[in-house]
Amino acid sequence: MAALSDDHGFDVRPNTETYNRLLNCWAKSMKLESGERAEVILREMEGLHSMGDEEATPDIYSYNSVLNAWSNSGDAAALTRIDKLILEMILQGNPSLLPDSFSYGTWLKAITRCDEAEK
């Protein structure tokens, strides 16, 4: 979509909702690489936002989808990455990005899966 918009002038630039739908697909995919792929997309959104693209600003749904992607990935690093993302959400100082019940529930789900894997 971004390439069509940039290269051919089509008005199909992805926005926050578009990115969130993509993140949600990765979160539900249950693939090993889903957490990493979702986080790359989140970082792309953050980069666009920092360059002034307000239409691609990550919101709480963006972060929660990335948390869910990590939790569902089965990746050994998932819990560490979730810990860092939760801390990042808190330290940003943006009240609309503070972890909510879904964020913490996903974190607990990852902790449970990690404990089960260690047994």
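Preceding this paragraph is the structure being described.
Residues numbered from 1 in each chain as written. Predicted model: local features only at pLDDT ≥ 70, side-chain atom pairs only at ≥ 80, totals over all residues. Heavy atoms only, no water.

### Details of the packing of helix H2 (residues 16–29) against helix H3 (residues 34–50)
Contact pair H2 / H3: the axes reach a minimum separation of 8 Å and the direction vectors enclose 165°. Relative to H3, the element H2 lies roughly antiparallel. You can see that H2 and H3 cross each other, and the crossing is left-handed. In contact with Thr16, Tyr19, Asn20, Leu22, Leu23, Trp26 and Ser29 of H2, H3 contributes Ser34, Arg37, Ala38, Ile41, Leu42, Glu44, Met45 and Leu48. Split into classes, the residues belonging to the contact of H2 with H3 amount to nine nonpolar, four polar and two charged. (Axes fitted to C-alpha atoms, helices over the stretch in contact; angles between N-to-C directions. Helix = DSSP H or I, 4+ residues; strand = E, 2+ residues; numbered from the N terminus. Parallel < 35°, antiparallel > 145°, perpendicular 65-115°, else oblique. Left-handed = near helix turned anticlockwise from the far one by under 90°. Contact = heavy atoms within 4.5 Å. Nonpolar A, V, L, I, M, F, W, Y, C, P; charged D, E, K, R; others polar.)

### A closer look at the packing of helix H4 (residues 60–73) against helix H5 (residues 78–91)
Interhelical geometry of H4 versus H5 gives an angle of 165° and a closest axis separation of 8 Å. Taken as axis vectors, H4 and H5 run roughly antiparallel relative to one another. The two elements H4 and H5 meet at a crossing, and its hand is left-handed. Between H4, through Ile60, Tyr63, Asn64, Val66, Leu67, Trp70, Ser71 and Ser73, and H5, the contact on the second element is made entirely by Ala78, Arg81, Ile82, Leu85, Ile86, Glu88 and Met89. In terms of residue class, the contact of H4 with H5 is built from 10 nonpolar, three polar and two charged.

### Examining the nonpolar core
If you look at the biggest cluster of nonpolar residues, it comprises 23 residues, and the most contacted ones within it are Val66 and Leu85. Of all the secondary structure elements, the ones that give two or more residues to this core are H2, H3, H4 and H5. When residues in this core are grouped by element, the largest group, six residues, is from H4. Residues in contact with leucine 85, not counting those within four places in the same chain, are Glu39, Leu42, Arg43, Tyr63, Val66, Leu67 and Trp70. (Core = buried A, V, L, I, M, F, W, Y, C linked by side-chain atoms within 4.5 Å. Buried < 20%, exposed > 50% of the residue type's maximum accessible area, 1.4 Å probe, protein only.)

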